[in-house]
Amino acid sequence: MGVSPDEPFVVGGRTLSDIKAAIPPELFARSTFKSCLYLLRDLGLAISLGLGAYFADNCLHVAELGEAPTTAARVVLWGLYWWFQGLVFAGLWVMGHECGHSAFSSSKKVSDAVGFVVHTALGMPYLSWGHAHILHHMNHAHALGGKTEHIGHDSESSPLLEEHGEDDDTAWESIKDTPLYLVPALVLQRLNSLWRAVTFQSPSSGAPRGYSAPIVSDAGLLGVAGLLYYACSRIGVATMCKVYFVPWLLFSFWISMAVLLQHTESDDGGAPTEHREGQLSTMDRSFLGWQGKFFLHNMGHCHIVHHLFPELPFYNAPAATEKLKALLGAEYRHCDASIFVVLWKITRSKA
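Cut-offs used in this document
Residues numbered from 1 in each chain as written. Predicted model: local features only at pLDDT ≥ 70, side-chain atom pairs only at ≥ 80, totals over all residues. Heavy atoms only, no water. Helix = DSSP H or I, 4+ residues; strand = E, 2+ residues; numbered from the N terminus. Buried < 20%, exposed > 50% of the residue type's maximum accessible area, 1.4 Å probe, protein only. Contact = heavy atoms within 4.5 Å. Areas by Shrake-Rupley, 256 points an atom, 1.4 Å probe, with all protein chains shown as cover. Expected span 1.5 Å × (residues − 1). Phe/Tyr/Trp six-rings, centres within 6.5 Å; stacked < 30°, edge-to-face > 60°. Lys NZ or Arg CZ within 6 Å of the ring centre and 35° of its normal. Patch = residues over 30% accessible without salt bridge, like charges linked within 9 Å, V, L, I, M, F, W, Y side chains within 5 Å. Salt bridge = Lys/Arg side-chain N within 4 Å of Asp/Glu carboxyl O. Core = buried A, V, L, I, M, F, W, Y, C linked by side-chain atoms within 4.5 Å. Disulfide = S-S within 2.5 Å. Axes fitted to C-alpha atoms, helices over the stretch in contact; angles between N-to-C directions. Parallel < 35°, antiparallel > 145°, perpendicular 65-115°, else oblique. Left-handed = near helix turned anticlockwise from the far one by under 90°. Nonpolar A, V, L, I, M, F, W, Y, C, P; charged D, E, K, R; others polar. pLDDT = per-residue confidence, 0-100.

## Re the overall build of the chain
Counting secondary structure elements, the chain contains 13 helices and 4 strands. The buried share of the chain, taken over its 351 residues, is 49%. Restricting the contact set of the chain to residue pairs at least 6 apart, pairs at least 24 apart contribute 71%. Carbon and sulfur atoms make up 66% of the accessible area of the chain, which amounts to about 16400 Å² in all.

Encoded structure:
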């Protein structure tokens, strides 16, 4: 469902211009320098956590504390590492997501360059994902409705790449911003595109950049795969699983969980959102408390204002959300319930 270009976009009885006027214009200012500081902070945390866990594990090996104490210490060490590194990876994904909306910098070239590097390092096809995510926003923040193709063109021969409509399952839809879905979908897409080229079939025009976006994404992912293979050959597959792949799985879980909860209507995880309320049918949630604010850059706490104004920088989203709360009053949608309790209720409702 789209908005007629001849009609003002109305949200909760107010035009988008009315809502934007309630937010100070300086909150829309994008600072490349400030964004880079947050990016460097996240990269520093990822590197420090990885090296710290690796060397701490080696120290436990040479400390000769005994089998039981060493095992217990390693369980605590790697458990804490996986938890926090998964959050840091998710925070880096958010930075790439900011780039996709050109909220990282006023320069689209800078945003796309940073987003491509960050998302590719996380196994995300940045350019292909960007096209699908734009369609998500064009469909008024709705996780299910509209016909959103989640990778790009050439979806005819792969069930993963089919256009999805209103009857889609919310939980399945929620994984489509994660590498767990996008990487195999991209591989299937490229195989289909190759077949169409070999058989002289013309490409479809569903993606705005034609074949270039998937090809560049392919190249980036192949480069990352080569680096991961080299790292595995140097320090071992088991170590790479502990240092990179387990946090990668947890990061995918956090993103999938966030997408699911932010586009579920009721406080207890009831029905998915409808188009009737557009962007306001999303929901702000206290996603992991202070950890969600710090590591995930308020991804869950300030989701409504992001869907209203995707170009607004994440570091100004809390202040903008306060203005939004004052304007909307009872129309503002927020849930303080534990995200794990809500997830459990959603899971049971789908069983």
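Picking up where we left off.
## A short note on helix H3 (residues 67-100)
Helical geometry: 3.6 residues make up each α-helical turn, so side chains three or four residues apart lie on a common side. For H3, spanning 34 residues, the distance from its first C-alpha to its last is 48 Å, which sits close to the expected 50 Å at 1.5 Å a residue. Just downstream of H3 lies Ser102, where phi reads positive at about 60°.

## A short note on the packing of aromatic side chains
To describe a pair of aromatic rings, you give the distance between the ring centres and the angle between the ring planes. Counted according to the given criterion, the structure contains 16 aromatic pairs. Ring geometry for Phe28 versus Phe309: centroids 5.4 Å apart, planes at 85°, classification edge-to-face. Of this pair, Phe28 sits in the loop between helix H1 (16-21) and helix H2 (32-63) while Phe309 sits in the loop between helix H11 (303-308) and helix H12 (317-328), and the two are 281 residues apart along the sequence. Here the two residues Phe28 and Phe309 agree in accessibility, since each one is buried. For the ring pair Phe294 and Phe295, a centre distance of 4.9 Å and an interplane angle of 90° mean the geometry is edge-to-face. Its relative accessible area of 34% is what places Phe294 among the partly exposed residues. Linked through ring pairs, Trp83, Phe253, Trp254, Phe287 and Phe340 together constitute an aromatic cluster. We note Lys20 situated over the ring of Phe28; from NZ or CZ to the ring centre the distance is 5.0 Å.

## Concerning a nonpolar patch on the surface
On the surface, Phe33, Leu37, Leu40, Leu43, Ile47, Leu51 and Phe55 cluster together to form a nonpolar patch covering roughly 730 Å² of accessible area. With respect to the secondary-structure elements, Ile47 resides in helix H2.

## Describing the environment of Ala56
Secondary-structure assignment places Ala56 in helix H2. On the basis of relative accessible area, Ala56 is assigned to the partly exposed category, the value being 27%. Between the C-alpha atom of Ala56 and that of Arg74, which follows or precedes it by 18 residues, the distance is 8.9 Å.

## Let's talk about the pattern of salt bridges
Here the structure, examined in full by the defined rule, presents 5 salt bridges. A salt bridge links Asp42 to Arg41; its shortest N-O distance comes to 3.0 Å. Assessed through its relative accessible area of 24%, Arg41 is described here as partly exposed. Each member of the salt-bridge network shares a partner with another, and the members are Asp57, Arg74 and Lys242.

## Some thoughts on the nonpolar core
One recurring pattern in soluble globular proteins is that nonpolar side chains are buried together. Trp93, Phe251 and Phe287 are the most contacted members of the largest nonpolar core, which totals 46 residues. For this core, the elements supplying multiple residues, two or more each, are H2, H3, helix H4 (108-121), helix H5 (126-138), helix H8 (212-235), helix H9 (237-262) and helix H13 (339-350). When residues in this core are grouped by element, the largest group, 11 residues, is from H9.

## Things to note about the state of the cysteines
What the rule picks out here adds up to 0 disulfides. You can see Cys36 has no disulfide; the closest cysteine sulfur is in Cys99, sitting 8.7 Å from it. For Cys99, a relative accessible area of 0% translates into the label buried.

## Structural notes on the packing of H3 against H9
Across the interface, H3 lies against H9 with an axial gap of 7 Å and an inter-helix angle of 60°. Taken together, the axis directions place H3 and H9 in an arrangement best described as oblique. Of the two elements, H3 crosses H9, and the hand of that crossing is right-handed. Side by side, H3 and H9 meet where Trp78, Tyr81, Trp82, Trp83, Gln85, Gly86, Leu87, Phe89, Ala90 and Trp93 of the first sit next to Lys242, Val243, Tyr244, Val246, Pro247, Trp248, Leu250, Phe251, Trp254 and Ile255 of the second. Among the residues forming the contact of H3 with H9, the class breakdown is 17 nonpolar, 2 polar and 1 charged.

## Re the confidence of the model for the chain
Averaged over all residues, the pLDDT of the chain equals 78, while 68% of them reach at least 70. Note that residues 197-208 has pLDDT below 50 and, in this model, 15 contacts with residues that lie over four places away or in other chains. Considering only residues more than four positions removed or in separate chains, one finds that residues 267-277, a stretch of pLDDT under 50, has 38 contacts.

## What to know about the environment of Ser107
Structurally, the position occupied by Ser107 is in the loop between H3 and H4. Judged by its relative accessible area of 27%, Ser107 is partly exposed. Each C-alpha atom, one on Ser107 and one on Arg30, is 9.4 Å from the other, the two residues being 77 residues apart in sequence.

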